[in-house]
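Structural overview for review
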Amino acid sequence: REDAHGRGQPHAGRQNAERIARHEAGHALIGWLSGNLPVQVTIVGRGSAGGYVEREADEEKIIYTASELQNMICQSMAGRAAEMLYYGDTEGLSTGVGSDLRHASGLAERMIREYGMSSEVGQIYLDEQAAREGEVAARIKQAAERTVRAQLERGLQALRDNKEALDRLSEELLKKNRLDRSDLERILPPPGGMKP
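Everything quoted here is computed from the prediction, not taken from an experiment. (Residues numbered from 1 in each chain as written. Predicted model: local features only at pLDDT ≥ 70, side-chain atom pairs only at ≥ 80, totals over all residues. Heavy atoms only, no water.)

1. Thoughts on the overall build of the protein chain
Within the protein chain, the regular secondary structure consists of six helices and three strands. Counting from the amino terminus, the protein chain carries its helices and strands in the arrangement α-β-β-α-α-α-α-β-α. In terms of overall dimensions, the protein chain is globule-like: its C-alpha atoms have a radius of gyration of 18 Å, near the 16 Å expected for 196 residues. By principal-axis analysis of the C-alpha atoms, the protein chain measures approximately 60 × 35 × 30 Å. Buried positions account for 40% of the 196 residues belonging to the protein chain. In the protein chain, the proportion of contacts linking residues at least 24 apart, taken out of those at least 6 apart, comes to 65%. When the accessible surface of the protein chain is totalled, it reaches about 11,200 Å², and 48% of it is carbon and sulfur. (Helix = DSSP H or I, 4+ residues; strand = E, 2+ residues; numbered from the N terminus. Rg over C-alpha atoms; globule rule 2.2 N^0.38 Å. Buried < 20%, exposed > 50% of the residue type's maximum accessible area, 1.4 Å probe, protein only. Contact = heavy atoms within 4.5 Å. Areas by Shrake-Rupley, 256 points an atom, 1.4 Å probe, with all protein chains shown as cover.)

2. Quick word on the packing of aromatic side chains
Centre distance and the angle of the planes are the two values used to describe a pair of aromatic rings. Per the counting criterion, the structure on display carries one aromatic pair. Pairing Tyr86 with Tyr87 gives two aromatic rings, centres 6.4 Å apart and planes at 50°, and the pair type is tilted. Arg22 extends its terminal NZ or CZ atom over the ring of Tyr86, reaching a point 4.0 Å from the ring centre. A cation sits over an aromatic face here: Lys61 above Tyr64, 5.1 Å from the ring centre. (Phe/Tyr/Trp six-rings, centres within 6.5 Å; stacked < 30°, edge-to-face > 60°. Lys NZ or Arg CZ within 6 Å of the ring centre and 35° of its normal.)

3. What about the nonpolar core?
Core analysis: the largest hydrophobic core is formed by 45 residues, its most contacted members being Leu29, Ile73, Leu169 and Leu188. Top contributing element to this core by residue count: helix H2 (residues 66–91), with nine residues. Residues within four places of Ile73 in sequence aside, it is in contact with Ala104, Leu107, Ala108, Met111, Thr147, Val148 and Gln151. (Core = buried A, V, L, I, M, F, W, Y, C linked by side-chain atoms within 4.5 Å.)

4. A look at H2
With 26 residues, H2 should reach 38 Å at 1.5 Å per residue; the first-to-last C-alpha distance of 32 Å falls well below that figure. Along its length, H2 shows its largest kink, about 95°, at Leu85. (Expected span 1.5 Å × (residues − 1). Bend = angle between axes of the 7 residues up to and from the residue.)

5. Considering the sheet that holds strand E3 (residues 178–180)
Reading across the sheet, the three strands line up as E2-E1-E3 and stay open at both edges, with antiparallel pairing between neighbours. Each edge of the sheet is formed by a strand with only one pairing partner; in this case those strands are strand E2 (52–55) and E3. Mean inter-strand twist for the sheet, computed between neighbouring axes without regard to direction, equals 15°. Looking at chain direction, strand E1 (residues 38–42) and E3 are connected through three bridges and run antiparallel. What sits directly across from Thr42, in E3, is Arg178. Packing of helix H1 (residues 12–34) onto the sheet brings it into contact with E1 and E2, and relative to E1 it is tilted by some 165°. Running at roughly 115° to E3, helix H5 (residues 163–176) makes contact with E1 and E3 of the sheet. (Pairing = 2+ DSSP bridges. Axes fitted to C-alpha atoms, helices over the stretch in contact; angles between N-to-C directions.)

6. Things to note about the side chain of Arg113
Take Arg113: it is sitting in helix H3 (residues 98–113). Engagement of the side chain of Arg113 in a polar contact is seen with the side chain of Glu114, the distance being 3.1 Å. (Polar contact = N/O pair within 3.5 Å; in protein donor to acceptor, adjacent residues only side chain to side chain.)

7. Digging into H1
Look at H1: 33 Å from first C-alpha to last across 23 residues, which is about the 33 Å you get at 1.5 Å a residue. A positive backbone phi angle near 90° is found at Gly35, which sits one or two residues after H1.

8. Considerations on unusual backbone geometry
Even without glycine at this site, Asn177 takes up a positive phi of about 70°. Among the residues examined, Asn177 registers a relative accessible area of 35% and is labelled partly exposed.

9. Structural notes on the pattern of salt bridges
Evaluated as defined, the whole model comprises twelve salt bridges. We note a salt bridge from Glu18 to Arg22, for which the minimum N-O separation is 3.7 Å. Of the two residues, Glu18 and Arg22 both sit in helix H1, four residues apart, roughly one turn of that helix. On the basis of relative accessible area, Glu18 is assigned to the partly exposed category, the value being 22%. We classify Arg22 as buried; its relative accessible area is 18%. The residue Arg146 makes a salt bridge to Glu120 at a minimum N-O spacing of 2.4 Å. Here the residue Arg146 occupies a position in helix H4 (residues 134–161), and Glu120 occupies one in the loop between H3 and H4, the gap between them amounting to 26 residues. (Salt bridge = Lys/Arg side-chain N within 4 Å of Asp/Glu carboxyl O.)

Spatial relationships are all this shows, so hold off on functional conclusions.
Take a look at the structure:
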């Protein structure tokens, strides 16, 4: 079959690789823009992941601000944001977000339950039991969902604003399978500069 441009339609393997490249490029670009610089990004699978972004480990860091945690959630959700940008609000939803969503949700819940970073729940520590059932659990879950959704929307806007860089990054990933820091420096604008 041919597509609208008269080319042979890509087979499922190419489509799958392209989707993974776009997903991982989303993670890498949001990390880059938020100052959480990737060491490498690859579309070569590891375990159940289709690809991954490796970040620098900062073993010295033991305290994180609310905005740093929000950036982490945004970066976790950036793979889904990239898929939504390329494939739409419905077709952009895929199973590729499984571990990302688990990480983002867990971090958002800890911000609310352990660190008192939610105006809805307040300056209080709540143990895991409190998050299991009842009205308090419902409030924690609602606040966490709002946090994750807000960071997904923030990531989507940042990717829209930097679509050319996202396209370049995705294309390079498809060509090379793996990009290191020097590749990213060549392809992307200067790091940082993402709006809070």
